Amino acid sequence: MLTALVVAVASFQLNATMLAPAIGTMADELNTDIATIGLSATVFSFVTAIAGLFWPPLSDIIGRKRALLLSTSILTLGSLVAALAVNVPMLMVGRAMQGACGATFALSFLILRKVVDTTRFGRYVGIITAINAGVGGIDTLLGGLIADAVGFRGIFGLTLILEIIAVIMLARWTPEVKEMSGARMDWWGIGTLTLTLVAINIGLTSAFLPGGWSDMKTWVSFGVAVIALIAFRIGEGRISNPLLPIEALSDRGVWGLLLTTFFTLASSFSVLVFVVPALTQDTESGFGLSSTVSALFFLMPYSILGWGTAPVFGALAPKVGYRLVLRVGLLGSLLLTVLMVFGVSNAVMLGCVVFFMGATYSAAASCALNGLGIIYAPASHPGILPGMNSAAFNFGASVGIGIMSAVIAGSTDASGYRNALIVAAVFTALALIFSLVLPSRQVEGERV
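Residues numbered from 1 in each chain as written. Predicted model: local features only at pLDDT ≥ 70, side-chain atom pairs only at ≥ 80, totals over all residues. Heavy atoms only, no water.

Engineer: For this particular structure, what's the right way to read the layout of surface pockets?
Structural biologist: If a probe as big as a water molecule is rolled over the atoms, it shows which places are left empty. Estimates place the volume of the largest pocket at around 670 Å³. For the lining of the largest pocket, the secondary-structure elements that each account for two or more residues are helix 10 (187-207), helix 11 (216-236), helix 12 (252-281) and helix 16 (384-409). Residue classes in the lining of the largest pocket are distributed as 23 nonpolar, one polar and one charged. Volume-wise, the second largest pocket comes out at about 510 Å³. Considered class by class, the residues forming the lining of the second largest pocket number nine nonpolar, twelve polar and six charged. (1 Å grid on protein atoms, 1.4 Å probe; cavity = no way out; pocket = protein on both sides within 12 Å on 5 of 7 lines; lining within 4 Å. Points joined across faces, edges and corners; volume = space filled by probe spheres on them. Helix = DSSP H or I, 4+ residues; strand = E, 2+ residues; numbered from the N terminus. Nonpolar A, V, L, I, M, F, W, Y, C, P; charged D, E, K, R; others polar.)

In structure tokens, the structure reads:
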């Protein structure tokens, strides 16, 4: 079962990590710029966020295994479309279909929580969370080699093969888990919350463009978000099986976790998978490295460290406390991001700082956030908080990449990258602040 889940999450996550060193190659082959390729990553992350809202509560009803199989099958079709892409719109469609598998991590953790005991849960969460950093760094190096040798389509071809294998393994080795047979989906809640996220994403991305804060589109988007959120709140109070029980909205474990996750991903993830690869490959304002060299010296080292330390932090979290591991990881990431601001023009310094984020973000913070998403979930709706936390992961990544793309595009020199890193540092500080409101929980065999 663990092997099947690891392969499933890897087949999804590789579509982010393996493409990181191919940003410049994708822009060249599709006759566009890096900022536009950044938007394709934003589309992928945003659809992934919406999928996080949809699949976990649906899996409460139809079963975790069935939901995981359906979403992975859509991912497989998306990779095929992306591999055949001849222009940016076709790439966007493929990336959106891939994003539909965005609840893979949440569904895997929900299955594990039901099947294994609490003493092993943290360790298993750490093993699966290690995939957040890629496959031991090999994926980023391989992505760079494939991009330089045959182009970005070769990367999608490789992930397509792995996704087919994942579907077969899930079908054969994963147990079915159902929580709420006979319940009905809260389509009103999903629809209004989705509209809220869409509007916020558009508003924030627009706001960070030159003159964006005075653009009418920015404030119309924020207005739509407020109206949709009010509609969500009213609707949830009137239906018998809401997406999220009203009483849970006031729980610090719910809103505190979602905000912490959002700002963590908007900062650290966006820096590692977009800002750093873009900076190192930029021939005018950056270091002008090839995809392979960028992967070898900047992406692969942090991935190896994250891969090696995530299971350690996963095993440690239930013993010393998930919240402590989270805060240590966020504090470390904040200090490292501040150092990046000063290392924008120094390749050696930047490479060293990025390396240590493999432990602070990819291992410690990510592992704790994933575990807390399960622990803080309301007992009456076990799938919703992991799903919303998954949405916060990917919505944060989407907004972060969108904002940093806009900040970088607004400058013609390295100051754009420095400004993007300053934004990332502010976001990390906000994540650390919100982590301080997370409450204690009494869970047998675990420290929260």
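Engineer: When you look at empty space enclosed by the protein in this model, what are you seeing that I'm missing?
Structural biologist: Within the structure shown, the criterion is met by two cavities of 30 Å³ or more. Its volume calculated, the largest cavity comes out at about 460 Å³. Looking at the largest cavity, it is lined by 34 residues, and the ones nearest its centre are Gln13, Ala16, Phe44, Phe269 and Asn394. In terms of residue count, the dominant contributor to the lining of the largest cavity is helix 16 (seven residues).

Engineer: Could you clarify how one ought to interpret the confidence of the model for the protein in this entry?
Structural biologist: Of all residues in the protein, 96% attain a pLDDT of 70 or more, and the chain-wide mean is 87. At the level of individual helices and strands, the protein shows its lowest average pLDDT in strand 1 (residues 442-443), which scores 76, and its highest in helix 14 (residues 322-342), which scores 96. (pLDDT = per-residue confidence, 0-100.)

Engineer: Looking at this structure, I do not really get the environment of serine 285. What am I missing?
Structural biologist: One can find serine 285 in the loop between helix 12 and helix 13 (291-320). The exposure class assigned to serine 285 is buried, which follows from its relative accessible area of 16%. (Buried < 20%, exposed > 50% of the residue type's maximum accessible area, 1.4 Å probe, protein only.)

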